[in-house]
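Results of the structural survey
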Protein chains: 8
Amino acid sequence: EEARIDHHRLLRTGLPEVIYAAGKTPAQTANIFATMAATGTAVLATRATQAHYEAVAALTPTAVYQATARCITQQPTQHSAPKGHIAVLCAGTSDLPVAEEAAVTAELFACKVTRLYDVGVAGLPRLLAVRPQLMEADCVIVCAGMEGALPSVVGGLVAVPVIAVPTSVGYGASFGGTSALLGMLNSCSPNVTVVNIDNGFGAAYTATMIARATHPR
Amino acid sequence: EEARIDHHRLLRTGLPEVIYAAGKTPAQTANIFATMAATGTAVLATRATQAHYEAVAALTPTAVYQATARCITQQPTQHSAPKGHIAVLCAGTSDLPVAEEAAVTAELFACKVTRLYDVGVAGLPRLLAVRPQLMEADCVIVCAGMEGALPSVVGGLVAVPVIAVPTSVGYGASFGGTSALLGMLNSCSPNVTVVNIDNGFGAAYTATMIARATHPR
Amino acid sequence: EEARIDHHRLLRTGLPEVIYAAGKTPAQTANIFATMAATGTAVLATRATQAHYEAVAALTPTAVYQATARCITQQPTQHSAPKGHIAVLCAGTSDLPVAEEAAVTAELFACKVTRLYDVGVAGLPRLLAVRPQLMEADCVIVCAGMEGALPSVVGGLVAVPVIAVPTSVGYGASFGGTSALLGMLNSCSPNVTVVNIDNGFGAAYTATMIARATHPR
Amino acid sequence: EEARIDHHRLLRTGLPEVIYAAGKTPAQTANIFATMAATGTAVLATRATQAHYEAVAALTPTAVYQATARCITQQPTQHSAPKGHIAVLCAGTSDLPVAEEAAVTAELFACKVTRLYDVGVAGLPRLLAVRPQLMEADCVIVCAGMEGALPSVVGGLVAVPVIAVPTSVGYGASFGGTSALLGMLNSCSPNVTVVNIDNGFGAAYTATMIARATHPR
Amino acid sequence: EEARIDHHRLLRTGLPEVIYAAGKTPAQTANIFATMAATGTAVLATRATQAHYEAVAALTPTAVYQATARCITQQPTQHSAPKGHIAVLCAGTSDLPVAEEAAVTAELFACKVTRLYDVGVAGLPRLLAVRPQLMEADCVIVCAGMEGALPSVVGGLVAVPVIAVPTSVGYGASFGGTSALLGMLNSCSPNVTVVNIDNGFGAAYTATMIARATHPR
Amino acid sequence: EEARIDHHRLLRTGLPEVIYAAGKTPAQTANIFATMAATGTAVLATRATQAHYEAVAALTPTAVYQATARCITQQPTQHSAPKGHIAVLCAGTSDLPVAEEAAVTAELFACKVTRLYDVGVAGLPRLLAVRPQLMEADCVIVCAGMEGALPSVVGGLVAVPVIAVPTSVGYGASFGGTSALLGMLNSCSPNVTVVNIDNGFGAAYTATMIARATHPR
Amino acid sequence: EEARIDHHRLLRTGLPEVIYAAGKTPAQTANIFATMAATGTAVLATRATQAHYEAVAALTPTAVYQATARCITQQPTQHSAPKGHIAVLCAGTSDLPVAEEAAVTAELFACKVTRLYDVGVAGLPRLLAVRPQLMEADCVIVCAGMEGALPSVVGGLVAVPVIAVPTSVGYGASFGGTSALLGMLNSCSPNVTVVNIDNGFGAAYTATMIARATHPR
Amino acid sequence: EEARIDHHRLLRTGLPEVIYAAGKTPAQTANIFATMAATGTAVLATRATQAHYEAVAALTPTAVYQATARCITQQPTQHSAPKGHIAVLCAGTSDLPVAEEAAVTAELFACKVTRLYDVGVAGLPRLLAVRPQLMEADCVIVCAGMEGALPSVVGGLVAVPVIAVPTSVGYGASFGGTSALLGMLNSCSPNVTVVNIDNGFGAAYTATMIARATHPR
Ligand SMILES: Nc1ncnc2c1ncn2[C@@H]1O[C@H](COP(=O)(O)O)[C@@H](O)[C@H]1O
Ligand SMILES: Nc1ncnc2c1ncn2[C@@H]1O[C@H](COP(=O)(O)O)[C@@H](O)[C@H]1O
Ligand SMILES: Nc1ncnc2c1ncn2[C@@H]1O[C@H](COP(=O)(O)O)[C@@H](O)[C@H]1O
Ligand SMILES: Nc1ncnc2c1ncn2[C@@H]1O[C@H](COP(=O)(O)O)[C@@H](O)[C@H]1O
Ligand SMILES: [Mg+2]
Ligand SMILES: [Mg+2]
Ligand SMILES: [Mg+2]
Ligand SMILES: [Mg+2]
Ligand SMILES: [Mg+2]
Ligand SMILES: [Mg+2]
Ligand SMILES: [Mg+2]
Ligand SMILES: [Mg+2]
């Protein structure tokens, strides 16, 4: 058997397993998606192409493709009211695919999302202008490429955890997002933790856990 | 003026600024420590040597030195009951200084800490034996050097955020903790976020925020 | 002469030379394959494309293409009963090409293979469920990308050598399998040795030597 | 002959050669220093220890040691009025040696210097408070370690060139200042150029050229 | 809103924001370009393809595409006489796209540009031959790939700042321009500062600031 | 409790846990050593200094210190006849500490060891001269620093697994053993697997397993 | 003017300038080639594609394309008898393009070349078999990818300089030839010097100088 | 036996083996030195400390210690007239130990040496002034740290091979000589080959071979 779905994860961790489509054929993805959808949970496939979506939709017609986020989503059969609230920031327009992967993931797991995009540190007034909205979130996700300076600045403005997502936006000495990653790991704001380059999904998974814990009812 | 203390941080973020003693002389450290202690907040100096402590104690006699954690602490004048509960794990005995830096930080900020040490993945029964204690925490900090595999395994066992702290324990291709760091950033457990190598302090700062939010009263 | 086949290797080392097709034209590959097949030994070409196979099959019609493993194989004229038994594990579905390269290599060299796939450490029950099968192998090959944590966990469960194969599965800070490689080199399980990224072939070559030595008859 | 002093540099570039003491014995340093002092120009030895200074002072008693900056200076015989004005910023107290190397260099070359220290981005109000002073400089030098985010923020506030100096302040994934260096090279503020890690001297040399050109008389 | 144009930059820094087209769709680029053109400033889009240009020209017919430089430019409505003078050098013919990005940027911002191309250090007479032209510039930009040695040699010949631009020209151990970048950061000419690999735009932005300051009227 | 000894390892894997003294105080090491010695198994502490040994000997007077190998050993109460035979090679005299760590480990675990030292590839006759002894081993350990070429040559001469141990011998571009490590991972001899830099212990642990399996009685 | 041909190089160094086609358009390449051919010297364009060749041949019909070597050559008008003798070795068949670039370069510059291919160290008898031919060369070029061990072994067999050329042959931890490069730089054979990855041309240029000097008449 | 001296090397390669003292005790070094001296050849120990020298001198009183070069030398019993001539250049005074290791090695092997020190590219007139002496050498060794630009410039001036030796002189992004090494490997002068960082010995060994071949009588 090639794939063993970890159905117990929902029980163990409160959130279901998620399909990483990048290394899978459309057929494999569609089969796993359908198997999970049959259990009634929310289903999410990340890094999905249009070809993945077509195969998924053939078996699970209610599935939806969110192109910018590169995600296929299926709502759970039991809809729950949003619990908790996160803000997703990004430094520039090119960071959108990563920011949207985060936003779509959190929304599927019933978390309210405020999007605050193109607020990079080279034009500080843009960030200061959105500060009131920022202050309402239970957890903040900050996506940035190039020098990755935004999470440090945001970390100094808010009283909640900041999850930093380095993006592969940049060229030359950005080394595919490595420079942003290193900057974030060395942040002098102590409420910043970091995930892998372009991993909007992982940031949102953890942010959702935090936001839910903040609003337990 | 060489140092500008960020007294507003407590207001902005709910936790006070912390002194990083590594780059400071004992005299500089002692002065900043005393200035902060005078305001009545909890005061913490990390990466402090015995020499730092002696200078601090001369000005602030109530300060305490925690040698394994390399921390100088001063309790706040207004003691608050613990709010929230974290677990601090480490893979091997050599990870203790980092784990203790995390534990001491969280305790100073009024968070209950359960220590679960030497539970590395090469001897899995040791980890499975402490699972019940693990399940009670609002957030889990996992310190590990060498291959840094422990956070992925822990992440699959709990329903709360896991903050992974790579340690500089190891030799050769551990590259001063870089291999553990990279392993943690690539964790296939999506509830794992990561801080800098040996940064027990930062992990505890964020974990405390999460634990507090989970127990708002 | 562009290619000098090392026919003595079978005598020196007990196993024949193997063709690395990646750097060769289909014509070059087919010629070397046919020359070796004429001696009656098992012939193996790794990293072979469909185009390589078509050229090979024209000269050696009994050759077989194993697509997932990207291998062309030719059975030896003198079939020998399997001698020894290895297990091939992988962490996720995306590691299959590497795991299959290992499995196909070992089978061609007359070694029994048990495949145990998609047993990554984030869902530990999956690994613990296959433990009985794992215990029967004379040598275990473990393929994993991302953080590469699986060999350390497996190494602590078995009493035989574990050969770890880092795979290039992952993105961002996986750096094409480098993070998995580093994790495996730093394994705290002392029965783990490591081969190059994606080198399923080399792992199986050594594993076959170990399994054969364990069952000398 | 072991050392060839480039006396023509003053003619070619308007500023004299400077002695890098780190790789030289006290005796070598003292001899070169005395030879240059005899010509009446400003003389500067960087990365100098107390031992270097003692050897220098024996031959050139008017030389002065600036300990924090690790510089030995000798005023030129023909004093010139300051021409131009630079600001030197640093993110934290530990960046002082680098910031002072820059400040001392610029002052020796007759440039007015405003020091603005400990204004890191995690506590933004501190930077915004010194903005008026910042706006008066002809060129700004920004020294920062860890994530090196400060130059990007400053670059967006001023209308003059910003020279970013990464410092080796930090630990773990700061890799001796490499993370700060990479962040600065990827700055999204286009008026930022970068020098080597800890190279306060080079930053000041260029800043002085710019400030002088701005105030040609 | 996906894009927030930083219109205040012109006021804060004296030069307008610039569009980095690499991460944007033609439609996005065209919209931002038109919005900025409507204000009457000079508009520049860097890293633009022919497809970007066609979308821009549809909305802003006066825009011009400079193919070698990969730039789309729009002259400001108020033309100003050139102020200041820079020289742009490159080591070999393959560095042209980067050198032209620098030259086009500076010319759009009303700075006179002298191009001195293919003057690499392996054939020193070529560089020495252009020395008189070099001496007239207020600031020199030097683009070089491979070993990146040219800025050090130029830095020793001129009395103005040299901005070094490493290019991604080379193969093997050039590592996409990293070797040139490292060489430039370690330059023993103290008037050399450095920008990101292939960042002709950033070099010209700063050089223009310097040249303008040198000729304030 | 700071240390949890994995007493079950002997049952699970056939070989006891081993103490890595590098990160432990003499007192910690001595306590763990004595606890293990009390069970009657072979006890090994690697990376031990003279100070570690003195603390150990105070509690366990029968313990022996092997200075070149930096190991403290305690024979098991039940002596078993050697089972299996390995060869330990090294390229140069400076590799001795690593080679001896391997040899001492294997001998403690009752494996016969043939030492073949200073047989680097730049003087090939030295290696060819020891070929007969090499051919008798069940498994070969090859320690080499600098370019790490020896395992590839040895791998082509023998019919058993070769475990390559890169050593940190060298300077400059040896990068602390990294170049040797990379060479070994890329070996074109397919019977070569690799362990961490300087990890003679791990190589011997696996080699012992292989040699034992080859001589099961 | 975009290209400045360094016609003086032939006078300064005894060998003409050579065209690196990789960064040039076919038209640029053809123009430079024709200009040089008009002077009567040998002309060489390396890294040339079929498209480059077609453009060159249109202007210089006597030019020849050597496909494996990726070189376009034009014999000098004054043919000179071969002077000196080099051997070109390579470890495997995949190294041929680099080895041929070296061989074609040396032959164009009137040096006799003996090709000894596919003699990698994993099958040592192949190398020992060609030893007599090896001993006749004035200089030896050794091309190898993967672990790059061949130059060290050859260096110990001959009494002339060995120029090592790392090739980008390999995968995973070969990092595009970096591992072979590092191995060669750390060679324990002191007659080995190294050029850039895949730089067969540079190796042959220097080898030709050495061979010529050895046979001055 | 711990050390096997490769006495055949003199026969195979025309030059004797050399002792690398860095990894050896004084006693080991002295024994090997004495054994070699007894054969009457020239004996050289590199990277030797004063302690090494004292042990050597006790057994071989005619041995000489050259402190800057860190070499112990013993003249051969049969003195031969110098054959061939090399030039050793270095960029700055701090490169002297490496340059002297090269010079002392070549002189011991009966090669005439011209030292041309402190001629770095930032002050070009210094290099151009020594050009006549440079032109007389059969081979040129160029030692440089920091950006390592000197070999490219020298390579363009001479008609003989240039052996480039990167030195570990520098700080920050020099990464212990790595930046100089990379610069040299990417040299656009095709007569440049490279050895390991600080390896003056290896450069001189090859240069001596070249100079000898040029003057065969
Ligand atoms: N975009 C993503 N980045 C990182 N991990 C992911 C992503 N999407 C899904 N995953 C994780 O990948 C695992 C599935 O891997 P696999 O078994 O190969 O399908 C799940 O445990 C997910 O938590
Ligand atoms: N070629 C370039 N390289 C680096 N930065 C650039 C380049 N072109 C434009 N920029 C900067 O990128 C920013 C725009 O980024 P964005 O908001 O993503 O469009 C502006 O602040 C520019 O200063
Ligand atoms: N020299 C060594 N290199 C690598 N691993 C070792 C070494 N010595 C002991 N070990 C392993 O380290 C583990 C003990 O680590 P700890 O719990 O920190 O004492 C054991 O599982 C051993 O297998
Ligand atoms: N400074 C040096 N750098 C590199 N290799 C050296 C050096 N000195 C001696 N060697 C080489 O090191 C080898 C001796 O190594 P060993 O057997 O460890 O003494 C000889 O073959 C020398 O050619
Ligand atoms: Mg923007
Ligand atoms: Mg332990
Ligand atoms: Mg799975
Ligand atoms: Mg501060
Ligand atoms: Mg050219
Ligand atoms: Mg030796
Ligand atoms: Mg072959
Ligand atoms: Mg000098």
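Remember, predicted model here, so these are calculated numbers, not experimental data.

Here's the deal with the overall build of chain A
On a plain count of helices and strands, chain A comes out with 9 helices and 9 strands. Taking 217 residues into account, the globule formula puts the C-alpha radius of gyration at 17 Å, and chain A, at 17 Å, falls close to it. For chain A, the spread of C-alpha atoms along the principal axes amounts to about 50 × 45 × 25 Å. Within chain A, buried positions represent 67% of all 217 residues. Partitioning the intrachain contacts of chain A with sequence separation of at least 6 by distance along the chain shows that 69% fall at a separation of at least 24. Positive and negative charge centroids in chain A, built from 13 and 14 side chains respectively, lie 7 Å apart.

Some thoughts on the interface of chain F and chain B
One frequent convention defines the size of an interface as the accessible area lost when the parts assemble. Contacts between chain F and chain B engage 19 residues on the former and 17 residues on the latter. Put simply, chain F and chain B have 0 salt bridges between them. At the junction of chain F with chain B, the criterion picks out 6 residue pairs in polar contact (both at pLDDT 80 or more). Elements with a minimum of two residues in the side of chain F that touches chain B: helix H1 (9-13) and helix H8 (178-185) of chain F. Within the side of chain F that touches chain B, the residues separate by chemical class into 4 nonpolar, 5 polar and 10 charged.

So, the interface of chain B and chain A
Counting residues at the interface gives 31 residues for chain B and 31 residues for chain A. Three residues, B:Arg12, B:Leu185 and B:Pro190, lead the burial of chain B against chain A; their summed loss comes to 24% of the area buried on that side. The tally of links from chain B across to chain A stands at 0 salt bridges. There are 4 residue pairs in polar contact (both at pLDDT 80 or more) connecting chain B and chain A. Of all the secondary-structure elements, those providing two or more residues to the side of chain B that touches chain A are helix H1 (9-13), helix H8 (178-185), strand E9 (192-194) and helix H9 (200-214) of chain B.

Some details on the relation of the copies chain B and chain A
If you rotate chain B by 180 degrees and push it 0.0 Å along the axis, it lands on chain A with an RMSD of 0.0 Å. In short, the pair behaves as if placed about a two-fold rotation axis. An overlap of 100% is found between the interface residues of chain B and their copies at the interface of chain A, pointing to a shared contact surface.

Structural notes on the UniProt feature "domain: PurE" (unreviewed entry) in chain A
Sequence positions flagged by UniProt for "domain: PurE" (unreviewed entry) are, in local numbering, residues 84-216 of chain A. Secondary structure within residues 84-216 of chain A divides into 39% helix and 19% strand; the distance between the first and last C-alpha atoms comes to 8 Å.

Let's talk about the sheet that holds strand E3 (residues 64-66) of chain H
Residue and element names in this part refer to chain H. Across the sheet, which stays open at both edges, the 4 strands sit in the order E1-E2-E4-E3 with mixed pairing between neighbours. The open sheet has two edge strands, strand E1 (19-20) and E3, and neither has a second partner. In this structure, E1 lies alongside strand E2 (residues 43-46), joined through 2 bridges in parallel fashion. Counterpart to Ile19 in the pairing with E2 is Ala45. Those strands touched by helix H2 (residues 26-37) are E1, E2 and strand E4 (71-74), and its axis lies near 160 degrees from that of E2.

A look at the relation of the copies chain F and chain B
For the pair chain F and chain B, the superposition axis carries a translation of 0.0 Å, the fit reaches an RMSD of 0.0 Å, and the rotation angle comes to 90 degrees. Each copy turns onto its partner about a four-fold axis. Identified as the residue of chain F closest to the rotation axis by C-alpha distance is F:Phe175, at 7.4 Å.

Quick word on the site of ligand 3
Around ligand 3, the structure places 13 residues, and the nearest of them are B:Tyr171, F:Val18, F:Lys24, F:Thr46 and F:Phe201. This site is not confined to one chain, since residues near ligand 3 come from chains B, C and F. At 2.4 Å from an oxygen atom of ligand 3 is found a side-chain nitrogen or oxygen belonging to F:Lys24. At 2.8 Å, a side-chain N or O of F:Thr46 approaches a nitrogen atom of ligand 3. Bound to the protein, ligand 3 loses 90% of the 520 Å² it would expose on its own. When its residues are assigned to classes, the shell around ligand 3 shows 6 nonpolar, 3 polar and 4 charged.

Brief notes about the pattern of salt bridges
One pass over the structure, following the stated rule, counts 40 salt bridges over all chains. B:Arg47 is paired through a salt bridge with B:Glu101; the nearest N and O atoms lie 3.0 Å apart. Taken together, the residues span a long stretch of sequence, with B:Arg47 in the loop between strand E2 (43-46) and helix H3 (50-59) and B:Glu101 in helix H4 (residues 96-108) at a distance of 54 residues. Note on accessibility: B:Arg47 and B:Glu101 belong to one class, buried. Note that C:Glu101 and C:Arg70 form a salt bridge whose closest N and O atoms lie 3.6 Å from each other. With a gap of 31 residues between them, C:Glu101 in helix H4 (residues 96-108) and C:Arg70 in the loop between strand E3 (64-66) and strand E4 (71-74) connect regions that are remote in the sequence. Since its relative accessible area comes to 1%, C:Glu101 is described here as buried. Residue classification places C:Arg70 among the partly exposed residues on the basis of a relative accessible area of 27%.

Considering the sheet that holds strand E2 (residues 43-46) of chain D
Residue and element names in this part refer to chain D. The sheet built from 4 strands is open, its strands ordered E1-E2-E4-E3 with mixed pairing. Strands with a single pairing partner mark the edges of an open sheet, and in this sheet they are strand E1 (19-20) and strand E3 (64-66). The pairing of E3 with strand E4 (residues 71-74) spans 3 bridges and is antiparallel. What sits directly across from Tyr65, in E4, is Ile72. Lying on the sheet, helix H2 (residues 26-37) is in contact with E1, E2 and E4; it crosses E2 at an angle near 160 degrees.

Some details on the site of ligand 2
The immediate surroundings of ligand 2 are formed by 15 residues, with A:Tyr171, E:Val18, E:Lys24, E:Thr46 and E:Phe201 found nearest. Surrounding ligand 2 are residues belonging to chains A, D and E, so the site spans chains. Interatomic distance of 2.3 Å between a side-chain N/O atom of E:Lys24 and an oxygen atom of ligand 2. Residue E:Thr46 places a side-chain N or O atom 2.7 Å away from a nitrogen atom belonging to ligand 2. Within the complex, the protein chains bury 89% of what would otherwise be the 510 Å² of accessible surface of ligand 2. A breakdown of the residues in the shell around ligand 2 according to their chemical character gives 6 nonpolar, 3 polar and 6 charged.

So, how was this worked out
Residues numbered from 1 in each chain as written. Chains lettered and ligands numbered in written order. Predicted model: local features only at pLDDT ≥ 70, side-chain atom pairs only at ≥ 80, totals over all residues. Heavy atoms only, no water. Helix = DSSP H or I, 4+ residues; strand = E, 2+ residues; numbered from the N terminus. Rg over C-alpha atoms; globule rule 2.2 N^0.38 Å. Buried < 20%, exposed > 50% of the residue type's maximum accessible area, 1.4 Å probe, protein only. Contact = heavy atoms within 4.5 Å. Lys, Arg positive; Asp, Glu negative; His and termini not counted. Charge placed at Lys NZ, Arg CZ, Asp CG, Glu CD. Salt bridge = Lys/Arg side-chain N within 4 Å of Asp/Glu carboxyl O. Polar contact = N/O pair within 3.5 Å; in protein donor to acceptor, adjacent residues only side chain to side chain. Nonpolar A, V, L, I, M, F, W, Y, C, P; charged D, E, K, R; others polar. Buried area = accessible area lost by both parts, 1.4 Å probe. Least-squares fit on C-alpha atoms with pLDDT ≥ 70 in both. UniProt positions renumbered as here; feature names shortened; annotations may be inferred. Pairing = 2+ DSSP bridges. Axes fitted to C-alpha atoms, helices over the stretch in contact; angles between N-to-C directions. Near = heavy atom within 4 Å. Areas by Shrake-Rupley, 256 points an atom, 1.4 Å probe, with all protein chains shown as cover.

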